[in-house]
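# What the coordinates show
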Amino acid sequence: MDLGYRPLVYMWVAEFDDGSALPQFDPDTGKQNRADPRWLPEKGVGGSEDSTPKIFREKTLYKFGWYPFSKEIAAKIPMVVIPTRNPIHTVELKEGDELVACRRNHIEFGIMGGGYRRVGSHYLLGIRGGEIKTIGEDGNIQQ
Amino acid sequence: MVVADVGVYQLTGGADGGGGSAENEVATSTRLQTKDQFDITDIDFPIPIPAAGFYYSYWIHVYLKIENIQDATRINNVVLFCDGSIDWTFGAGGELRVGQKDDAGAVDAGHGCPMDADYDLATGTEGTTGHTIEDGANGHGYYIGETPEILDIENYVTGARMLVDSTNHDAGGKCKAAVLQVKLDTAGNGAVQGLQADETLTFAYDEI
């Protein structure tokens, strides 16, 4: 069965300089909070400025991380996510830093035969202009 | 559902600039053949080995389609690559080629063909050869006159991926298409008729 996506093994949590935080998934309801498209590594062409959720326009990020799912939160999320004991990966931002974070998905398809497969996703994390970590689904940094 | 639902699709039929008339999900594989159709089981339209010169498959448009962006905010940076070796017996001058825009176009937008606006119906002589992507009279209108117009897909590997589409997709719909075509050399140059080895290509895209 093709889910149409790779099961997630990490969720993001954004922490702001006022001490508040926003997780990708609400721990009580499992509902997803929308991310800031400015985190994508490539600026891209077009798209709407309105796509940036209000909270990211009004608050200042100071820390961001990819966190593995606990069994408890996984049970509340209405899609397939996999709890693991993967390491946490975080980055702290100084004034002027721009976060880079996204999930990089891969789909392999056959030409003249060969199969179709959603290859493991990568979770990217870093500061624009600096080192960008590529984290595999096993939690390890990819070379 | 909370993350985007994305699949690989192929468009055939229809008319230039108007989009195809048949869209099929590439659920396992596609087939390059000398007919404009999506049928992975039909082996009645192989690419014959030419006595001289080259024969080609009809080109195909293959693309990612965002079925539903769900609660994702944006998808961009669609790229395509292979493992560096297409192990088919297409002869010394043969290749699996992909349509290219020149540098300026690629930097702005990627090498993919905008769908459906620049879709170009694949044509040729069924059972014999397709027109080449770069054919000045019958080629693919989005690529004719580019420098270069095509490249061997083997140039694009995991460390050097082909940018297909740099568009920021904030909603569902089609991404730009990679336009692929097989070029076949003569038997004297090593081409051998027959079913070819399974090969895979990989699309990657960024999502947040």
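Structure's up top.
Here we summarise the structure given alongside this text. (Residues numbered from 1 in each chain as written. Chains lettered and ligands numbered in written order. Predicted model: local features only at pLDDT ≥ 70, side-chain atom pairs only at ≥ 80, totals over all residues.)

### Focus on the overall build of chain B
The helix and strand tally for chain B stands at 1 helix and 13 strands. The order of helices and strands in chain B, counted from the N terminus, is β-β-β-β-β-β-β-α-β-β-β-β-β-β. Relative to its length of 208 residues, chain B is compact, with a C-alpha radius of gyration of 17 Å against a globular reference of 17 Å. Once the C-alpha set of chain B is aligned to its principal axes, its extents read approximately 55 × 35 × 30 Å. When contacts within chain B are restricted to residue pairs at least 6 apart in sequence, long-range pairs at least 24 apart make up 78% of them. (Helix = DSSP H or I, 4+ residues; strand = E, 2+ residues; numbered from the N terminus. Rg over C-alpha atoms; globule rule 2.2 N^0.38 Å. Contact = placed C-beta atoms within 7 Å.)

### Description of the interface of chain A and chain B
Counting from both sides, the interface comprises 36 residues of chain A and, opposite them, 39 residues of chain B. In terms of residues, the side of chain A that touches chain B owes the most to one element, strand β5 (residues 99-111) of chain A, which gives 11 residues. Tallied by class, the residues present in the side of chain A that touches chain B amount to 18 nonpolar, 13 polar and 5 charged. Sheet topology note: the β5 of chain A/strand β13 (residues 199-207) of chain B ladder contains 9 bridges and is antiparallel. Each bridged residue has a counterpart across the sheet, and for F109 of chain A the counterpart in β13 of chain B is L201 of chain B. (Nonpolar A, V, L, I, M, F, W, Y, C, P; charged D, E, K, R; others polar. Pairing = 2+ DSSP bridges.)

### Observations regarding the sheet that holds strand β1 (residues 10-16) of chain A
All names here are of chain A. Strand order in the open sheet made by the 4 strands is β2-β1-β3-β4, with antiparallel pairing throughout. Only two strands of the sheet have a single partner each, and these edge strands are β2 (21-23) and β4 (89-92). The sheet shows a mean angle of 15 degrees between the axes of neighbouring strands, taken without regard to direction. The sheet contact formed by β1 and strand β3 (residues 61-68) spans 7 bridges and is antiparallel. Looking at the pairing, M11 lines up with Y67 of β3. (Axes fitted to C-alpha atoms, helices over the stretch in contact; angles between N-to-C directions.)

### A short note on the nonpolar core
Core analysis: the largest hydrophobic core is formed by 87 residues, its most contacted members being A101 of chain A together with L64, L80, A178, V179, L180 and L184 of chain B. Not counting chain neighbours up to four residues away, the residues in contact with L184 of chain B comprise I47, I49, P50, F54, Y55, Y56, F90, G91, G94 and A191 of chain B. (Core = buried A, V, L, I, M, F, W, Y, C linked by C-beta atoms within 7 Å. Buried ≥ 20, exposed ≤ 12 C-beta atoms within 10 Å, placed from the backbone.)

### Thoughts on the environment of K35 of chain B
Residues and elements named next belong to chain B. Here K35 lies in the loop between β3 (29-30) and β4 (55-56). The exposure class assigned to K35 is partly exposed, which follows from the 17 C-beta atoms found within 10 Å. Spatially, the C-alpha atom of K35 lies 20 Å from that of G53, the residues being 18 residues apart in sequence. In this structure, K35 is in contact with F45, Y58 and E126, ignoring residues within four places of it in sequence.

### A closer look at the pairing of strand β7 (residues 132-135) of chain A
Residue and element names in this part refer to chain A. Direction of pairing for strand β6 (residues 117-127) relative to β7: antiparallel, over a ladder of 4 bridges. Note that in β7 the partner of L124 across the bridge is T134. Hairpin remark: β6 followed by β7, antiparallel, with 4 residues in the connecting loop; positive phi at G129, about 90 degrees.

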